[in-house]
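Structural characterization, general
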Amino acid sequence: MELMDKLTILTDAAKYDAACTSSGLDRAGRPGTMGSTMAAGCCHSFSADGRCISLLKVLLTNRCIYDCQYCVNRRSNDVRRTAFTPRELCELTIGFYRRNYIEGLFLSSAVWGSPDKTTELMIETLRLLREEYAFGGYIHAKAIPGAAPLLTHRLGLLADRLSVNIELPSEQSLGLLAPDKAKTSILTPMAQIRDGIAASKGELALSRKAPKFAPAGQSTQMIVGATPETDFQILRLTEGLYKKYQLKRVFFSAYMPVSNSKLLPAPQGFKPPLLREHRLYQADWLLRFYHFEASELLDEAHPNFNPLVDPKCSWALAHPEFFPVEVNTADYEVLLRVPGVGVTSARRILSARRWGALTFAGLKKLGVVLKRAQYFLTCSGKTAEGLRVKEDGILRHLVALERPMLSREAPEQLSLFEETG
Amino acid sequence: MGNYDMTGWPQVAYTYDGTFDGFLTCVYESYVHRERAAAFSAPGQAQISLYPGRPVETHPEHARRVRQSLPRRLSPRGARLVTYGFLTALPDREQSLYDFLALGFRRGPSVLHDLTDQRVFVLDRAVKHLTGEAHLLKGFIRFSDQSGVLVAEIEPKNRVLPLLRTHFCARYPSEAFVIYDRTHREALFYRPGEWAIVPLENFRAAGPDKSERDWRALWRRFYHTVSIEGRYNPRCRMTHMPKRYWGCMTEFQTEDTERPALPQRPE
Ligand code: SF4
């Protein structure tokens, strides 16, 4: 088969994975090698669906012994099958990398023959790339559940980031839709990778020459909207994954109707839950950077996000006793809870107010977006000029602000650089 | 700007050679002769000024003295704001920098935090625009292989080459490459162990050979295949990747338009 055909099939088979970031690691190139990495990551392009393209995201093969219902590559699905040779993948990566098309390789695979055999092929590819091609760019590899721990370990010594997909937000759903995969077989490598990263960090502290194991950390992703879990369940699981497995990122992927299985939503007329995915990402930001807990944002009585306003606004509206916040005296943590005030804005406020009391005009100059924030702030005791809204009117105003986004077919995806306000 | 002179120094209009050292020499002159810059003009940006003209010849030693005083008097961050500021597309670039320096020399490093002052704010915003554009271009630049040398062309609003240099030299330590800035007509050349940024009036990449065309075709195929149809969202793509960058990007060219056109401003 021609390389072009292989590339088409194996990209098509890999595209539903949400993760495409190249972040978490700064590494300069060395003489005689090719490639470097940037801690902030780098988007090389954006596809027509608005998603960042950072890595060459392909499967090693789409030949699979498993039959996960939600997956295009499931054994029972009638699609063309193929596999890259390790050499082909290296050539593609280097050819793309030299032209600055990509930041590196995201190598995933269906399970071909056995988890061990698949992992061995992935290792062979990455070894060639790192050793023979002296490639120093970013590599994200997907660990295959069920592979021997020793193989997963070797994979992690070659890759910068490892991930194991949790796939679905609950054990019941996983059991139903992916009978070949058990939750334990997903969590076992996740724990192994966590421990491998910690051990490697410890060794590096003693000797700079110690081998690095997944230095850019571990991530995972789950499909949203294929199964009946609530946002609360999903967010609590996410929080647990961050805490227990020290993950760098949890990605959400709105289910795309790829199957007629009775166990899944019927594909006819199915709309992928993009807005829901967007709200989950916003909430995920609140967990990671804004010191929120899942149980503050949702509870058993309100298990799903209000689609009309973002999670931070929702929280603010439910906690009128917290507001208004005084710009000139509030702590950093308090400022972060104000809708429309992000990490950057909060820092700027702290540093600017040392030079005199801030006014609303001053805030604008600092780059603080007041559209939302004005309802929740005072400057030296004063509210924004011309602002006359009763409390019950605020929700209407906030909803109106989101309308342009809601009316579009698909909401914008959060990029790496964007902050939820 | 320029109306808030409280020192009583006479106001003059400087003509200089357009280089950073030239600008720093103007600053030096201004302080030595106790006169205030009220306008600047460099070759190619003729200006009629109400103020008496003062041609300034670049003096490397004087420039060096000003440059070395910057980190001390304004903090390293302040010094960076000035060097970067000179690369921005700010309409009154030299004047804005001069006004910022005058303020900074008076008030010291603390001035950097005072974003509510127009002089600081304007410069800070322009520098953010510059670093933002450089960051985007680290991703959006496309190279072609021309007999082993990597060649790229860009059309940035700001002079980003000095900011791209460290990144690409670290990325391709063993390659030879050229990045040509069509807007400002200058080029960054690199080969292992050596680099230079030089003015270059005319530059035109040769057409792609067979192997280069194959690589481009593979990339375009990947680019189109990786997009999920059910999530089609051209608006979001445009927000993250403004149209003005597309002209130099492989994924938006077809076989026939492959030879990039000469400077063309889509906006
Ligand atoms: S094992 Fe992976 S590739 Fe195979 S069907 Fe399941 S999810 Fe798809």
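Here the structure is a predicted model, which is why all the values come from computation and not from measurement.

1. Focus: the overall build of chain A
If you tally the helices and strands in chain A, you get 15 helices and ten strands. The C-alpha radius of gyration computed for chain A amounts to 23 Å, which stays within 12% of the reference 22 Å derived for 421 residues, consistent with globular compactness. Considering only C-alpha atoms, chain A reaches an extent of 70 × 55 × 35 Å along its principal axes. Put simply, chain A has 421 residues, and 59% of those count as buried. A sequence separation of at least 24 residues applies to 68% of the contacts in chain A between residues at least 6 apart. Here chain A has roughly 17400 Å² of accessible surface; of this, 54% comes from carbon and sulfur atoms.

2. Observations concerning the state of the cysteines
Residues and elements named next belong to chain A. Counting across every chain of the model gives one disulfide over all chains. Shown here is the disulfide that connects Cys43 with Cys52, its sulfur atoms set 2.3 Å apart. The disulfide joining Cys43 to Cys52 has a torsion of about -115° about its S-S bond and is therefore left-handed. Classification of Cys43 by relative accessible area gives buried; the value is 7%. Given a relative accessible area of 21%, Cys52 falls into the partly exposed group.

3. With respect to the packing of helix α2 (residues 86-98) of chain A against helix α3 (residues 115-132) of chain A
All names here are of chain A. Running from amino to carboxyl end, α2 crosses α3 at an angle of 45°, the nearest separation of the two axes being 9 Å. Looking at the two axes, α2 sits oblique to α3. At the point where α2 passes α3, the crossing takes the right-handed sense. In this structure, α2 uses Pro86, Arg87, Leu89, Cys90, Thr93 and Ile94 to contact α3, whose residues at the interface are Leu121, Glu124, Thr125, Leu128, Leu129 and Glu132. Residue classes in the contact of α2 with α3 are distributed as seven nonpolar, two polar and three charged.

4. Points about the nonpolar core
One finds Phe96 and Leu363 of chain A together with Phe23, Phe177 and Ile179 of chain B to be the most contacted residues of the largest nonpolar core, which totals 198 residues. Counting residues per element, this core draws most heavily on helix α4 (residues 118-140) of chain B, at ten residues. Membership of the second largest hydrophobic core comes to six residues, among which are Val178, Ala187, Phe203 and Ala205 of chain B.

5. Concerning the interface of chain A and chain B
The interface of chain A with chain B comprises 66 residues on the first partner and 53 residues on the second. The tally of links between chain A and chain B comes to five salt bridges. Here Glu212 of chain B makes a salt bridge to Arg99 of chain A, at a shortest N to O gap of 3.0 Å. The tally of links from chain A across to chain B stands at 28 residue pairs in polar contact (both at pLDDT 80 or more). The class makeup of the residues in the side of chain A that touches chain B is 32 nonpolar, 18 polar and 16 charged.

6. Brief notes about the site of the ligand
What surrounds the ligand is the set Cys64, Tyr66, Cys68, Cys71, Asn73, Arg74, Ala110, Val111 and Lys181 of chain A. By residue class, the composition of the shell around the ligand is six nonpolar, one polar and two charged.

7. Regarding the domain arrangement of chain A
For chain A, the assigned domains read domain 1 (3-263) and domain 2 (311-406). Computed over C-alpha atoms, the centres of domain 1 of chain A and domain 2 of chain A are 39 Å apart.

8. Structural notes on the packing of aromatic side chains
All names here are of chain A. Going through the model one piece at a time under the given rule, you end up with 36 aromatic pairs over all chains. An angle of 50° between the planes, with centres 4.8 Å apart, marks the rings of Trp285 and Phe289 as tilted. With Trp285 and Phe289 both in helix α8 (residues 274-289) and four residues apart, this pair spans about one turn of that helix. With relative accessibility at 36%, the residue Phe289 sits in the partly exposed group.

9. Regarding the sheet that holds strand β7 (residues 218-224) of chain A
By definition, the strands of a sheet pair up through backbone hydrogen bonds, in either a parallel or an antiparallel sense. All names here are of chain A. Reading across the sheet, the six strands line up as β3-β4-β5-β6-β7-β8 and stay open at both edges, with parallel pairing between neighbours. Two strands in the sheet have a free side with no partner beyond their single neighbour: β3 (55-59) and β8 (249-254). Between one strand axis and the next, the sheet turns by 20° as a mean value, whatever way the strands run. With three bridges joining them, strand β5 (residues 138-142) and strand β6 (residues 161-163) adopt parallel strand pairing. Residue His140 lies in a different strand from β6, and its bridge partner there is Arg161. With respect to the sheet, α8 is in contact with β7 and β8, its orientation differing from that of β8 by roughly 170°.

What counts, and at which threshold
Residues numbered from 1 in each chain as written. Chains lettered and ligands numbered in written order. Predicted model: local features only at pLDDT ≥ 70, side-chain atom pairs only at ≥ 80, totals over all residues. Heavy atoms only, no water. Helix = DSSP H or I, 4+ residues; strand = E, 2+ residues; numbered from the N terminus. Rg over C-alpha atoms; globule rule 2.2 N^0.38 Å. Buried < 20%, exposed > 50% of the residue type's maximum accessible area, 1.4 Å probe, protein only. Contact = heavy atoms within 4.5 Å. Areas by Shrake-Rupley, 256 points an atom, 1.4 Å probe, with all protein chains shown as cover. Disulfide = S-S within 2.5 Å. Axes fitted to C-alpha atoms, helices over the stretch in contact; angles between N-to-C directions. Parallel < 35°, antiparallel > 145°, perpendicular 65-115°, else oblique. Left-handed = near helix turned anticlockwise from the far one by under 90°. Nonpolar A, V, L, I, M, F, W, Y, C, P; charged D, E, K, R; others polar. Core = buried A, V, L, I, M, F, W, Y, C linked by side-chain atoms within 4.5 Å. Salt bridge = Lys/Arg side-chain N within 4 Å of Asp/Glu carboxyl O. Polar contact = N/O pair within 3.5 Å; in protein donor to acceptor, adjacent residues only side chain to side chain. Near = heavy atom within 4 Å. Domains from an automatic or database assignment. Phe/Tyr/Trp six-rings, centres within 6.5 Å; stacked < 30°, edge-to-face > 60°. Pairing = 2+ DSSP bridges.

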